[in-house]
Amino acid sequence: MTKKMSMSTSKTSLVLFLCQIISALDVPLDSKLLEELSQPPTITQQSPKDYIVDPRENIVIQCEAKGKPPPSFSWTRNGTHFDIDKDAQVTMKPNSGTLVINIMNGGKAEAYEGVYQCTARNERGAAVSNNIVIRPSRSPLWTKEKLEPNHVREGDSLVLHCRPPVGLPPPIIFWMDNAFQRLPQSERVSQGLNGDLYFSNVQPEDTREDYICYARFNHTQTIQQKQPISVKVFSMDSLNDTIAANLSDTDIYGAKPVTERQPVLLTPTGSASTKVELRGNVLLLECIAAGLPTPVIRWIKEGGELPANRTFFENFKKTLKIIDVSEADSGNYKCIARNALGSVHHVISVTVKAAPYWITAPRNLVLSPGEDGTLICRANGSPKPSISWLANGVPIAIAPEDPSRKVDGDTIIFSHVQERSSAVYQCNASNEYGYLLANAFVNVLAEPPRILTPANKLYQVIADSPALLDCAYFGSPKPEIEWFKGVKGSILRGNEYVFHDNGTLEIPVAQKSNAGTYTCVARNELGKIQNEVQLEIKDPTMIIKQPEYKVIQRYGQVSFECIIKHDSTLLPTVTWLKDNDELPDDERFLVGKDNLTIMNVTDKDDGTYTCIVNTTLDSVSASAVLTVVAAPPTPAIIYARPNPPFDLELTGQLERSIDLSWIPGDENNSPITSFVVEFEDALHEPGVWRYQTEVPGTQTMAQLKLSPYVNYSFRVIAVNRIGRSQPSEPSEQYLTKSASPDENPANVQGIGSEPDNLVITWEPLKGFQSNGPGLQYKVSWRQKDVDDEWTSVIVANVSKYIVSGTPTFVPYEVKVQALNDLGYAPEPSEVIGHSGEDLPMVAPGNVQVHVINSTLAKVHWDPVPLKSVRGHLQGYKVYYWKVQSLSRRSRRHIEKKILTFRGNKTFGMLPGLEPYSSYKLNVRVVNGKGEGPASPDKVFKTPEGVPSSPSFLKITNPTLDSLTLEWGSPTHPNGVLTSYTLKFQPINNTHELGPLVEIRIPANESSLILKNLNYSTRYKFYFNAQTSVGSGSQITEEAVTIMDEAGILRPAVGAGKAMASRQVDIATQGWFIGLMCAVALLILILLIVCFIRRNKGGKYPVKEKEDAHADPEIQPMKEDDGTFGEYSDAEDHKPLKKGSRTPSDRTVKKEDSDDSLVDYGEGVNGQFNEDGSFIGQYSGKKEKEPAEGNESSEAPSPVNAMNSFV
């Protein structure tokens, strides 16, 4: 607790206080006040002391300062005045001292090298910047030199010198090869700090001709390259062979093999060296050694340890790095290079010097007239820096005299200052390694008192707590502060108050009696000012019923109470914690107004529960422990729905709310989880109960929101885990007063049904939403984007209004407002609608068709102007139809097809076209009303395609060595037929296919007699047609030449290579034929017996075989449906599968194709993708081409000959 302070304070306290208030280095307490006070200049921003600039860019030398009045700026260059007005390349930024030297517009950076210093001056003094040395960066080229190849013996050491050009700042060195890949480095090969590449020992793999040293000058973003250096490593064996080849027999030479060598230092040389580094810099020490094996480097500090956390080893421990060095890091550092043959060491004596650094930098002084003060400037360094003072940028020895000022080394003492003593002083601390320059002003002010605390500020504290009343003030001289209670009260004194230096009044223990108005008075010799503040004392917040320790059985219910008492003007918030953490996110935890209830308690609910009450001024808490124990065994419990609540009571009746309370019924062994409140509106919907709200099962009261002009009745339903109770008896009725509507109709729309009208529709308000009698609607509309007034009409409680006489399809702003006998609802929001649509007026133009292939075309068109659509553009429809086939020149019934393309598309695909045909199409635009006029018909033709299969293939007149083939032309030639192709091959008794023979037949032929065939042989035929595009699908057939009646084997003649041999087997012998006939007769008798016993019998396996090769000439067919009579019963009269039977005349007909086009548009037949491409696939059945040896048939025996053609 601070003691009572005297209102008369020392001058030193005033100085320190004011320094804190308006110091240039601190954020002011009141910025508005400080803007009104005079202040000497202060440098706020300047360029670095050593400023290296890019010679290609403008030079910007920063100098920013603040002061009151704003300072003016001037510059010196190399110690003399720099007149920027005489140099067209130099400008100064407005309201700033920053210089911009225009290099990019003809100036040369070298011409502006030098030392620059900025001075900021106003009537109170002058501040100066550091000496800013401007130097352009340099990236000179490498000097040309002749580099001789390096021939090195394996195992020797090698140094490749880089010697980069001297740049500003120094470049970064790295070694790469011709492919711009960094050269690998290791303990054996590494780059030194000077950029040279050191080899402790060379190996044959070091031989290469592209050792290249690169210098990167970061400031100018340039890279310079040294000429490649060649290194050739000779092994001892190759060197001996080379020398021996050039010596005579009398010469004696012997090269020693590679021998191991003990370490020798490559850098640094000798046994000792020195190093000077500046305080705060990074110390880098390096040792690189030669030797074989490669030496390992180790570092130690003689007489001490290497500094922890600041020591790092780099370059494979060849470099010792110590960051942020200080004088304590001076000493001897030893590097030791060691391998298996010995070691070598080097001692580096490190001396750490220091540029000047601050111990106490001078700080700004703000003094009142007649006061005393000091400026202290203390710095250290190695060697110790010298201190010199300047006043307003002039050495103090030659500056104008000030009788109040006395210089004593690093201190200036001020006595009895006057306003003319204001100035800016510069302290310069320098040694051979650098300098420090600091500005500190002395500002002598004479200001009347000012109070910074807002007037009538309200302070609220809790009774028995400390009260702190602020009175932040300013004045020069420092004002005296006095406090009064009340407007005419006496000055406050005594031990019950504490007066702080900053003007604050503290009441350590505030009571209700301390409440009231307090007045703070500040005065000095220049004036007086006062300010009033208010103090309110609030009652403390208390927990009058705290939660208590509870023991609860598992799966039970527990409740903790926390009833509070608080000041009526404070709003408390209650928070519950479990074990000092948030409550679990579990619906079992129910937080009420004064309690916490936990349902269905489990073991994990064990713990400490804390109730915390917070207000804006205080906070209290109370805790209790919950212990969960196992429940004892209990008899079976019968669970049921709860009984309905009863004794419903309405209280707190207001216009828009009412309180409903009730008494719960029996919960029937299942806790009530919630209560559902329903209401009935006897005025508008009698007998209809609607949901009102739902509250937790721990509550027996609900505050209900009400609507005006509703005759309410309420009932309550209890809910537990089993279900819902019966509703309670209704409460008494409560009729709310009428009011104007609270809301407007929803789902307002404006859509025209005819070209000259606008139909405005909405969802009417429900009865309880009307808020009063006489519900009507104000319907308003006006044409959008036209400067028209709203047109309004009031209609009864309907849901539609039609505006007639509107232009066709124009936008309208529409709104519908509800009203009743008591007034209007709030202003409704506007919606955009459109008057009715009409058919489009214009057809799409510039219709173009691009035929992609024989079945697909792409159509393009220009979009119609949107104004001519006269409605919502839905898309375009393409009508297209086939005019005629170009191959038959015959017209057929025109069937138009339609494709629809949604949106503003300008192209589409036409699929499923017939080849070699002429088509027409037109395009129409579609809106919500319908289709517009059609574009002129566009004619296009599809190219030829491959034909369909021949319409039939019939084989007749079989003889011993010939068959007659007849065929019909393709149903769809799809072009001009050029020829037919017939392929056939024999099928032997092992179901293998013989050689394939191909015959080309002119397109005008329709039959062919095929001669020189083998007798009693089955052949398979493949037949198709061709156009100029290619071959169509084929049709197949099988046939058999008849047997030789005389049984004489005659040689085949002229059958070609495929018929060069004739097969003869036992099946052609007479005795075998007789045996087979007897077997057939026996089988026939067995079949007759089976038919009789089975009442015409069922299907036999022989039927499946005959299905595969049925001979219509051998096996009789039923005349009605073509099925086999002998092998089917009454239930088997079903039509044959497609292609499974051949008519009796051996004609194979291709079934007529429906070929119904699945349109690609969005009509009923097809669909398009977004880009108009067709969705779906076309597929057609195509007979597989025969493969020799891969198909089989029956052997040419008498039995096999009875099989039908397939």
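(A) Focus on the overall build of the chain. Helices and strands together make up the secondary structure of the chain, namely 7 helices and 86 strands. A burial count over the chain gives 43% of its 1206 residues as buried. Considering only contacts in the chain between residues 6 or more positions apart, those separated by 24 or more positions represent 66%. Carbon and sulfur atoms make up 51% of the accessible area of the chain, which totals about 63900 Å².

(B) View of the sheet that holds strand 74 (residues 875–885). An order of 75-74-77-78 is seen for the 4 strands of this open sheet, with the pairing classed as antiparallel. Edge positions in the sheet fall to strand 75 (897–902) and strand 78 (938–941), since each has one partner strand and no second. Strand-to-strand twist of the sheet, defined as the mean angle between neighbouring strand axes without regard to direction, takes the value 25°. Here strand 77 (residues 917–926) pairs with strand 78 via 4 bridges, running antiparallel. In the strand pairing of strand 78, K920 is matched with V939.

(C) Looking closely at the packing of aromatic side chains. Evaluation of the coordinates by the stated rule reveals 20 aromatic pairs. Taken together, a centroid distance of 6.0 Å and an interplanar angle of 50° make the contact between W861 and F901 tilted. Taken as a pair, W861 in strand 73 (residues 856–862) and F901 in strand 75 lie far apart in primary sequence, 40 residues in all. Each of the two residues, W861 as well as F901, counts as buried.

(D) Expanded view of unusual backbone geometry. Across the junction of L168 and P169, the peptide omega takes the value -10°, indicating a cis bond. Mapped onto the elements of the fold, P169 is located in the loop between strand 13 (158–160) and strand 14 (172–176). The omega torsion across S476 and P477 is 5°, close enough to zero to call that bond cis. Tracing the backbone through its elements, the reader meets P477 in the loop between strand 41 (473–476) and strand 42 (480–485). The phi angle at D785 is positive, at roughly 60°, despite the residue not being glycine. Position of D785 among the secondary structure elements: in the loop between strand 66 (776–783) and strand 67 (791–795). Its relative accessible area of 69% is what places D785 among the exposed residues. The phi torsion at N974 lies on the positive side, around 55°, for a residue other than glycine. With respect to the helices, strands and loops of the structure, N974 is situated in the loop between strand 80 (963–970) and strand 81 (979–987).

(E) Spotlight on the pattern of salt bridges. Taken as a whole, this structure holds 37 salt bridges when the rule is applied. When the shortest N-O distance is used, the salt bridge between R554 and D603 registers 3.0 Å. Taken together, the positions of R554 in the loop between strand 48 (550–553) and strand 49 (558–561) and D603 in the loop between strand 54 (595–598) and strand 55 (607–614) put the pair 49 residues apart, joining distant regions of the chain. The partly exposed category is assigned to R554, whose relative accessible area is 27%. A salt bridge links E931 to K877, with the nearest nitrogen and oxygen atoms 3.0 Å apart. Within this pair, whereas E931 is found in the loop between strand 77 and strand 78, its partner K877 is found in strand 74, the two being separated by 54 residues in sequence. The class for K877 is partly exposed, based on a relative accessible area of 21%.

(F) Region of the structure containing the nonpolar core. Membership of the largest hydrophobic core comes to 30 residues, with the highest contact counts inside it found for I59, I61, W75, I101, Y116 and I134. Only strand 2 (50–53), strand 3 (59–61), strand 4 (63–68), strand 5 (72–77), strand 8 (99–101), strand 9 (114–122) and strand 11 (132–136) provide two or more residues apiece to this core. For this core, the element with the highest residue contribution is strand 9, accounting for 3 residues. With sequence-adjacent residues up to four places away left out, I61 is seen in contact with S47, Y51, W75, G97, T98, L99, I101, Y116, I132 and I134. Core analysis: the second largest hydrophobic core is formed by 22 residues, Y459, F499, I507 and A522 among them.

(G) Inspection of the sheet that holds strand 32 (residues 386–391) at higher detail. Across the sheet, which stays open at both edges, the 5 strands sit in the order 29-37-36-32-33 with mixed pairing between neighbours. The open sheet has two edge strands with one neighbour each: strand 29 (365–367) and strand 33 (394–395). With 6 bridges joining them, strand 32 and strand 36 (residues 423–431) adopt antiparallel strand pairing. Looking across to strand 36, one finds that S386 is bridged to S430.

(H) Expanded view of a nonpolar patch on the surface. A cluster of nonpolar side chains, contributed by L1081, L1084, I1085, I1088, V1089 and I1092, occupies part of the molecular surface with about 580 Å² of accessible area. Looking at the element boundaries, I1092 is found in helix 5 (residues 1070–1093). Residue I1092 is classed as exposed on the basis of its relative accessible area of 66%.

(I) Summary view of the state of the cysteines. Summed over the entire model, instances satisfying the criterion amount to 6 disulfides. In this model, C287 is linked to C335 through a disulfide, with the two sulfur atoms separated by 1.8 Å. An S-S torsion of about -65° defines the bridge between C287 and C335 as left-handed. In this pair, C287 sits in the loop between strand 22 (283–286) and strand 23 (288–292) while C335 sits in strand 27 (residues 331–339), placing the two residues 48 residues apart along the sequence. As far as the burial class goes, C287 and C335 line up, both buried. For C377, the disulfide goes to C427, at an S-S distance of 1.6 Å. Measuring the twist about the S-S bond at about -65°, one finds the C377-C427 disulfide to be left-handed. Taken together, the residues span a long stretch of sequence, with C377 in the loop between strand 30 (373–376) and strand 31 (378–382) and C427 in strand 36 at a distance of 50 residues. You can call C427 buried: its relative accessible area is 0%. Cysteine pairing in the chain follows 1-2, 3-4, 5-6, 7-8, 9-10, 11-12, where each cysteine in a disulfide is numbered by its order in the sequence.

(J) Structural detail: the confidence of the model for the chain. Per-chain confidence: the chain averages 83 in pLDDT, with 83% of residues scoring 70 or above. Taken together, the stretch residues 1097–1206 has pLDDT below 50 and engages in 211 contacts with residues farther than four places along the chain or on a different chain.

(K) A look at the environment of A467. The topology assignment puts A467 in strand 40 (residues 467–469). Given a relative accessible area of 0%, A467 falls into the buried group. Residues A467 and E506 lie 39 residues apart in sequence; the distance between their C-alpha atoms is 5.6 Å.

(L) A look at the pairing of strand 62 (residues 711–719). Strand 62 sits mainly inside the fold: 9 of its 9 residues count as buried. Side-chain alternation along strand 62 places N711, S713, R715, I717 and V719 on one buried face and Y712, F714, V716 and A718 on a second face that is also buried. Across 8 bridges, strand 59 (residues 674–681) lies against strand 62 in antiparallel orientation. Residue S674 lies in a different strand from strand 62, and its bridge partner there is V719. Here strand 62 pairs with strand 63 (residues 734–735) via 2 bridges, running antiparallel.

Criteria and cut-off values
- Residues numbered from 1 in each chain as written.
- Predicted model: local features only at pLDDT ≥ 70, side-chain atom pairs only at ≥ 80, totals over all residues.
- Heavy atoms only, no water.
- Helix = DSSP H or I, 4+ residues; strand = E, 2+ residues; numbered from the N terminus.
- Buried < 20%, exposed > 50% of the residue type's maximum accessible area, 1.4 Å probe, protein only.
- Contact = heavy atoms within 4.5 Å.
- Areas by Shrake-Rupley, 256 points an atom, 1.4 Å probe, with all protein chains shown as cover.
- Pairing = 2+ DSSP bridges.
- Axes fitted to C-alpha atoms, helices over the stretch in contact; angles between N-to-C directions.
- Phe/Tyr/Trp six-rings, centres within 6.5 Å; stacked < 30°, edge-to-face > 60°.
- Salt bridge = Lys/Arg side-chain N within 4 Å of Asp/Glu carboxyl O.
- Core = buried A, V, L, I, M, F, W, Y, C linked by side-chain atoms within 4.5 Å.
- Patch = residues over 30% accessible without salt bridge, like charges linked within 9 Å, V, L, I, M, F, W, Y side chains within 5 Å.
- Disulfide = S-S within 2.5 Å.
- pLDDT = per-residue confidence, 0-100.

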